[in-house]
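Summary of the model geometry
Each chain is listed here by its residues.
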Amino acid sequence: MLLNAKQIAHATGATVVVEPLGSREIANGLVWDSRQVEEGNVYVALPGERVDGHDFVDAALRAGAALVLVMQSVSNQTCALARELGAGILEVPNTTTAITDLATYWRTKLTGTVIGLTGSSGKTTTKNLVRDVLSAQYSVVATKANQNNELGVPKTLLNADASTDYVVVEMGMRGLNQIRPLCAFVKPDMGLIVNVGESHIELLGGRDNIARAKGELFEALPDRRGVAFVNGSDDYAHFVCENASLGAREVRMVRFGLDVAPEDDAPAVWAEEVRLDDQGRPCFVLCAQGFDQLNRGAGRAQVNLNLRGLHNVSNATAAAAVGLQCGMMLDTIAAALAAAEPESGRQEVVKARAGYLIVNDAYNANPESMRASLLTFSAMDIRGRHIAVLGDMGELGDYAKNCHEGIGALIPSLNVDYLICIGELSAFIAQGALNAGMSEDKIMQAENVADVLGTLDLMLEPNDAVLVKASHFMGLFRVVEGLIR
């Protein structure tokens, strides 16, 4: 983002309190954390229940902010400081809304292609794979980490500039009519729905509504020139496409998935000869048809992923489909997929000093990702024992008991030697495992993180492996930190 004070004032309906001078007339980025301010940034003072960004305006100015957006009067001292530093202060009706207003204005200046992405599970990993694939050939800006809400989405657009070829925007939602307002200013040219699962089912009441909420992304695609990347392996794919009227609007559909059977000459990407190595990393042949740059309309390439889990094969085919639609060659895409690395907290494997392996998947969890993580963990070829530390999964409402019991029922069929559960709902995981035949002496219930670490301290041997998985609110990253120490 490169905007001057007049453009920002026009976009946000701001009143100029202090006019910026000299080099600070042009702002080059946006932050709302004063600790992250870099020279030339716009600092947005956001109100909060515990912390009010207006309390840190002076700190932002001293850190080099070119402009400050506020929604309440600032002191004479703060105005004097801004004038001394040559910075500007703009007062807007609402600083949160101002971020969206800026992104809406900036979207009109972008000439690159904008790709919207959502899904119940795996959307951040898939977004990273799309970013890594496209970056092998193009200039790309993508959502950082999982900043996929009403603040992170506009910030992603504002991180792009006129030279950006592709902007990859991850969009999260917890209910109906949440993706739609994001799309109103993102204006995606392409859309990718990773899958439709059970995440947030408490708030939506069933998978039909989850599919409708995810499908708001496809509804926003432009008629005749939009592109929808459809998971052909997902049982709600047809529902989503029909609900968004893709066929009637002549939106191009590109299918991807682990076991997508090619149809006629329609564009599709799928995987064959899939296997997992001894660390649970997939190796497969990436197959594609229906793209102009492929020799005789079809192609094949070997891919060995650094990411773990069978589910990441589907995520990789999604990223490959995007790359092919954007004109890339299959060999280039395969090399980019092979070079991709997992994010911290997402099936990250760490070797502790004591010799055992830690599979850190503690960032988040829902039933789909929990099953995928357990299957991957079970497939890992280690000399010692497989020990699973599992915690609660959130936002499942009336479905919580059955979902947790279902996870437990899966465990006896897997290569899992011990199960440690933490959290109120995880008791149903333990019960499900017990009912499905796991020995009672192999199942433990912990009260807190200290109990988990104490139990593992007595159990773990150098060749063992520990999986740590739960929803983020459980804070099981503390288990991982304790094991590493």
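Shown above is the structure to which this text applies.
Residues numbered from 1 in each chain as written. Predicted model: local features only at pLDDT ≥ 70, side-chain atom pairs only at ≥ 80, totals over all residues. Heavy atoms only, no water.

The helix and strand inventory of the chain stands at 17 helices and 22 strands. Taken against the 2.2 N^0.38 rule, which gives 23 Å for 485 residues, the C-alpha radius of gyration of the chain at 24 Å falls within 12% of a compact globule. Projected onto its principal axes, the C-alpha positions of the chain cover 70 × 60 × 40 Å. When the 485 residues of the chain are sorted by exposure, 56% land in the buried category. In the chain, of all internal contacts separated by at least 6 residues, the share reaching a separation of at least 24 is 68%. Accessible area of the chain: about 20300 Å², with a carbon and sulfur share of 46%. The centroid of the 40 positive side-chain charges in the chain is displaced by 3 Å from the centroid of its 58 negative side-chain charges. (Helix = DSSP H or I, 4+ residues; strand = E, 2+ residues; numbered from the N terminus. Rg over C-alpha atoms; globule rule 2.2 N^0.38 Å. Buried < 20%, exposed > 50% of the residue type's maximum accessible area, 1.4 Å probe, protein only. Contact = heavy atoms within 4.5 Å. Areas by Shrake-Rupley, 256 points an atom, 1.4 Å probe, with all protein chains shown as cover. Lys, Arg positive; Asp, Glu negative; His and termini not counted. Charge placed at Lys NZ, Arg CZ, Asp CG, Glu CD.)

This part is about the pattern of salt bridges. When the charged atoms of two side chains lie near each other, side chains of opposite charge can form a pair. One pass over the structure, following the stated rule, counts 16 salt bridges. Of the charged contacts, one joins D235 and R207 as a salt bridge, the two residues approaching to 2.8 Å between their closest N and O atoms. Highlighted residues: D235 in the loop between β12 (227-231) and α10 (237-243) and R207 in helix α9 (residues 207-219), separated in sequence by 28 residues. Put simply, R107, D189 and R225 are held in one network by salt bridges that share partners. (Salt bridge = Lys/Arg side-chain N within 4 Å of Asp/Glu carboxyl O.)

Moving on, we get to the packing of helix α5 (residues 123-135) against helix α12 (residues 330-339). Between α5 and α12, the shortest axis-to-axis distance is 8 Å and the interhelical angle comes to 130°. The pairing of α5 with α12 is recorded here as oblique in orientation. By crossing handedness, the relation of α5 to α12 is classed as right-handed. Two secondary-structure elements touch here, α5 through L129, D132 and V133 and α12 through I333, A336 and L337. Of the residues contributing to the contact of α5 with α12, the split by class is five nonpolar, no polar and one charged. (Axes fitted to C-alpha atoms, helices over the stretch in contact; angles between N-to-C directions. Parallel < 35°, antiparallel > 145°, perpendicular 65-115°, else oblique. Left-handed = near helix turned anticlockwise from the far one by under 90°. Nonpolar A, V, L, I, M, F, W, Y, C, P; charged D, E, K, R; others polar.)

Below, the discussion takes up the nonpolar core. Within the largest apolar cluster, 85 residues are counted, with the highest numbers of intra-cluster contacts made by I8, L157, M171, F218, L374, L390 and L419. If you tally residues by element for this core, the top one is helix α4 (residues 95-107), at six residues. Apart from residues lying up to four places away in sequence, L157 is in contact with A103, W106, R107, L110, V114, V167, V169, F185 and V186. Judged by nonpolar contacts, the second largest core, of 44 residues, contains V133, V227, V254 and L307. (Core = buried A, V, L, I, M, F, W, Y, C linked by side-chain atoms within 4.5 Å.)

All right, on to a nonpolar patch on the surface then. Residues V274, L276 and L310 make up a contiguous nonpolar surface patch of roughly 200 Å² in combined accessible area. With respect to the helices and strands, the residue L276 is situated in strand β14 (residues 268-276). On the basis of relative accessible area, L276 is assigned to the partly exposed category, the value being 31%. (Patch = residues over 30% accessible without salt bridge, like charges linked within 9 Å, V, L, I, M, F, W, Y side chains within 5 Å.)

Judged by how many residues are buried, strand β20 (residues 418-422) sits mostly within the fold: five of five residues are covered. By the alternation rule, side chains of β20 split into Y418, I420 and I422 and L419 and C421, which are all buried. When strand β19 (residues 386-391) meets β20, the two strands line up parallel, connected through five bridges. Among the inter-strand pairings, A388 is bridged to a residue of β20, identified as L419. In this fold, β19 hands off to helix α14 (residues 400-410), which returns the chain to β20; that crossover is right-handed. Direction of pairing for β20 relative to strand β21 (residues 443-446): parallel, over a ladder of four bridges. Within β21, the residue paired with I420 across the bridge is M444. Each parallel crossover has a hand, and the one from β20 via helix α15 (residues 426-435) to β21 is right-handed. (Pairing = 2+ DSSP bridges. Right-handed = clockwise from strand over helix to strand, strands pointing away.)

Turning next to the packing of aromatic side chains. Per the counting criterion, the structure on display carries two aromatic pairs. A ring pair is formed by Y138 and Y166, whose centres lie 5.0 Å apart and whose planes are at 65°; its orientation type is edge-to-face. Here Y166 lies in strand β10 (residues 166-170) and Y138 lies in the loop between α5 and β9 (140-142), a separation of 28 residues in the sequence. Overall, Y138 belongs to the partly exposed group, its relative accessible area being 21%. Y166 sits in the buried class, given a relative accessible area of 9%. (Phe/Tyr/Trp six-rings, centres within 6.5 Å; stacked < 30°, edge-to-face > 60°.)

Time to look at empty space enclosed by the protein. In total, this model carries one cavity of 30 Å³ or more according to the counting rule given. Taken as a whole, the largest cavity encloses approximately 70 Å³ of empty space. Around the largest cavity, the lining residues are I193, N195, V196, F218, V230, N231, D234, Y236, A237, V240 and C241. The set of elements that each furnish at least two residues to the lining of the largest cavity consists of β12 and α10. Across the lining of the largest cavity, the residue classes tally to eight nonpolar, two polar and one charged. (1 Å grid on protein atoms, 1.4 Å probe; cavity = no way out; pocket = protein on both sides within 12 Å on 5 of 7 lines; lining within 4 Å. Points joined across faces, edges and corners; volume = space filled by probe spheres on them.)

To continue, consider the sheet that holds strand β15 (residues 282-289). Strand order in the open sheet made by the nine strands is β9-β10-β8-β11-β12-β13-β14-β15-β16, with mixed pairing throughout. The sheet is open, and its two edges are formed by β9 and β16 (298-304), each paired on a single side. Taken pair by pair, the neighbouring strands of this sheet meet at an average axis angle of 15°, ignoring direction. By the bridge criterion, five bridges tie strand β8 (residues 113-118) to β10 in an arrangement that is parallel. Counterpart to V114 in the pairing with β10 is V167. Sheet contacts for α9: β8, β11 (190-193) and β12; angle to β11, the most-contacted strand, approximately 160°.

What follows deals with the packing of helix α7 (residues 179-186) against α9. Two elements in contact, α7 and α9, have axes separated by 8 Å at closest approach and are oriented at 15°. By the angle class used here, α7 and α9 are roughly parallel. Judged by the sense of rotation from one axis to the other, the crossing of α7 with α9 is right-handed. Residues I179, R180 and C183 of α7 form the contact with α9, whose own contacting residues are A213, K214, E216, L217 and E219. In terms of residue class, the contact of α7 with α9 is made up of four nonpolar, no polar and four charged.

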